[in-house]
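Architecture and fold: a report
In case you want the letters, here they are:
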Amino acid sequence: MATIETVLGAIPESELGITLSHEHVLVFMGADNHHYPWLFDWDKTRERVTRELTEAKAGGVDTVIDLTTPDLGRDVRFVAEVAEASRMNVVVATGIWRDVPRSFWERDPDKIADIFVREIEVGIGETGIKAGVIKVANDAEGVTPQAEPVLRGAARALKRTGCPISTHQWAPEEVGRRQVEIFQEEGAPMDRICIGHSADTTDVSYLEELLSTGVYLSMDRYPGGPGRPDWRQRNATVKALIDKGWTDRLMLGHDHAPGPVMAGREAPEAKRSGYLHLADVALPALRDDGVSAEDIDTMLRNVPREFLTGKKS
Ligand SMILES: [Zn+2]
């Protein structure tokens, strides 16, 4: 049986269960947590994040794929603590988000791949915690000259290790198309790649164009809202793709991150965990629209398992 690397070590694929494709445990733009830790109340932050993960676990979520990179303040020791406290499986990431560090701008893609491969095979820093996925990101600015070597490095790390890639794209401007082109130029196995934030568009023909190259799509950012497709529109896009036969290429998520608690402040009033919008609201509505329980199970269990292990089910 294949195993999957989580923040608490490798688990058998049978323990993966219901898996959310694109989430965060804790995010800090500019890695403020590492540079200015005194800005935050760490006890209250730990409590808040643990509560949301515990509630998600009780609500049926078994695993979250945490796509938090160094430029988003990745702290796998913190993630390990809250994963242990909540009993949630968390797959952590190597890779780089949109704030490509200056040191990467001129770095050869093979050297970038070396860094990612080290985090996949040896571990992140000195923790021994291994990344189970490679994250890359390109937003409305498209694939910039600084970001392109990161994509190429990710493709080469995938080819060397078999570790899958999960992207952030700005779907309204079809940025995933260029991501796919670069991965194809690198000769990467397209069936080991997931193009993310794909429910930010309602353009089914664009999404089918991506799918036809062999990639998975992460239909995430539920519940969405102002200025972007809301959850009903996201559901409609998911249903359209299911009706066209793409169920076994789709995964679902929220891109949720419980916020930190600032030092000297009270924790905000506890709200229902942001990891549960799908379970509470969107999935029941999809069922009401005629999507079968089997199709929903495929998107939440089989596809993430196949994506993470590389083993076809
Ligand atoms: Zn994200």
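Preceding this paragraph is the structure being described.
These numbers come from a predicted model, not from an experiment. (Residues numbered from 1 in each chain as written. Predicted model: local features only at pLDDT ≥ 70, side-chain atom pairs only at ≥ 80, totals over all residues. Heavy atoms only, no water.)

1. Considering the overall build of the chain
As a reminder of what qualifies: Helical segments are the DSSP runs of H or I of at least four residues, strand segments are the runs of E of at least two, and each set is numbered from the N terminus. Values of the radius of gyration come from C-alpha atoms, whereas the globule rule sets the reference at 2.2 Å times the count of residues to the power 0.38. Exposed residues in this analysis have more than 50% of their type's maximum accessible area, buried residues have under 20%, and partly exposed residues fall in between, with area computed by a 1.4 Å probe over protein chains only.
On a plain count of helices and strands, the chain comes out with eleven helices and ten strands. Here the chain has a C-alpha radius of gyration of 18 Å; the compact-globule value for 313 residues is 20 Å, and the two agree. In terms of overall dimensions, the chain has C-alpha extents of about 50 × 45 × 45 Å along its principal axes. Taking all 313 residues of the chain together, 55% fall into the buried category.

2. Regarding the pairing of strand β5 (residues 89-95)
Where a strand is regular, its side chains alternate between the two sheet faces. Quick note on the threshold: A strand pair is defined by DSSP finding two or more bridges across the two strands. A crossover counts as right-handed when, viewed with the strands pointing away from the observer, the path leading from the first strand over the helix to the second turns clockwise.
Among the seven residues of β5, seven are classified as buried, and the element is accordingly described as predominantly covered. Relative to β5, strand β4 (residues 63-66) runs parallel, the two being bridged by four bridges. Bridging across to β5, Ile65 finds its partner in Val91. Each parallel crossover has a hand, and the one from β4 via helix α3 (residues 76-86) to β5 is right-handed. Both β5 and strand β6 (residues 133-138) contribute to a ladder of three bridges, which runs parallel. Note on β6: the bridge partner recorded for Ala93 is Val133.

3. A few points about the coordination of the zinc ion
Which entries qualify depends on this criterion: Nitrogen, oxygen and sulfur within 2.8 Å of a metal are treated as its donors, or within 3.2 Å for sodium, potassium and calcium (Na, K, Ca); water is not counted, so a site can appear incomplete.
At this site the zinc ion is bound by His22 (NE2), His24 (NE2) and Asp255 (OD), with donor distances of 2.1 to 2.2 Å. Taken in sequence order, the residues that donate to the zinc ion follow the motif H-x1-H-x230-D. A single burial state applies to His22 and to His24, both of which are buried.

4. A word on the pairing of strand β9 (residues 216-219)
Side chains Tyr216 and Ser218 project from β9 onto one buried face, and the interleaved Leu217 and Met219 project onto a second face that is buried too. As paired elements, strand β8 (residues 193-195) and β9 share two bridges and run parallel to each other. Pairing of Ile195 across the sheet is with Leu217, part of β9. With helix α8 (residues 204-211) bridging β8 and its parallel neighbour β9, the resulting β-α-β unit is right-handed. Judged from the three bridges that link them, β9 and strand β10 (residues 250-252) form a sheet pairing that is parallel. Following the sheet pairing, Leu217 is matched in β10 by Leu250. In the classification by handedness, the crossover that spans β9, the intervening helix α9 (residues 231-243) and the parallel β10 is right-handed.

5. Looking at the side chain of Ser198
The condition is simple: Under the rule applied, a polar contact is a pair of N or O atoms within 3.5 Å (in protein, one hydrogen donor and one hydrogen acceptor; residues adjacent in sequence only if both atoms are side-chain atoms). Whether two residues are in contact is decided by their heavy atoms, any of which lying within 4.5 Å being enough.
Residue placement: Ser198 occurs in the loop between β8 and α8. For Ser198, the side chain forms a polar contact with the side chain of Gln169, separated by 3.1 Å. Here the side chain of Ser198 touches Ile195 through a polar contact of 2.8 Å, landing on its backbone oxygen. Once residues lying within four places of it in the same chain are set aside, the contact partners of Ser198 are Gln169, Ala171, Leu207, Leu217, Ser218 and Met219.

6. Overview of empty space enclosed by the protein
Definition in use: Every definition here rests on a 1 Å grid over the protein atoms only: cavities are sets of points where a 1.4 Å probe fits but cannot get out, pockets are open sets enclosed by protein on both sides within 12 Å along at least five of seven lines, and lining residues have some atom within 4 Å of a point. Grid points are joined across faces, edges and corners, and a volume is the space filled by probe spheres set on the points. Each residue gets one of three labels, nonpolar for Ala, Val, Leu, Ile, Met, Phe, Trp, Tyr, Cys and Pro, charged for Asp, Glu, Lys and Arg, and polar for the others, Gly among them.
Scanning the entire structure with this criterion turns up one cavity of 30 Å³ or more. In this structure, the largest cavity encloses a volume near 70 Å³. Taken together, Leu26, Asp66, Thr68, Arg74, Asp75, Val76, Phe78, Val79, Val92 and Ala93 make up the lining of the largest cavity. Of all the secondary-structure elements, those providing two or more residues to the lining of the largest cavity are α3 and β5. In terms of residues, the lining of the largest cavity owes the most to one element, α3, which gives three residues. Across the lining of the largest cavity, the residue classes tally to six nonpolar, one polar and three charged.

7. Topic: the sheet that holds β4
This is how the line gets drawn: Orientation is described by axes fitted as lines to C-alpha atoms, over the contacting stretch for helices, and by angles from 0 to 180 degrees between their N-to-C directions.
With respect to topology, eight strands assemble into an open sheet ordered β3-β4-β5-β6-β7-β8-β9-β10, the strand pairing being parallel. On the outer flanks of this sheet lie β3 (19-23) and β10, each paired with one strand and no other. When strand polarity is set aside, the average angle formed by the axes of neighbouring strands in this sheet is 30°. Contacts from helix α7 (residues 176-185) reach β6, β7 (165-169) and β8, with the element oriented near 145° to β7.

8. Points about α8
It helps to recall that an α-helix has 3.6 residues per turn; residues three or four apart then point in one direction. What counts, and what does not: Throughout, the arc means that of the directions going from the helix axis to the C-beta atoms.
Those residues of α8 that sit buried are Val204, Tyr206, Leu207, Leu210 and Leu211. For α8, the buried positions fall inside an angular range of 160° around the axis, keeping them on one side. Contact partners of the buried residues in α8: β7, α7, β8, β9 and α9.

9. With respect to the state of the cysteines
For clarity, the cut-off: Any two cysteine sulfur atoms within 2.5 Å of one another count as a disulfide.
In this structure the tally under the stated criterion is zero disulfides. No disulfide involves Cys194; its sulfur sits 13 Å from that of Cys163, the nearest cysteine.

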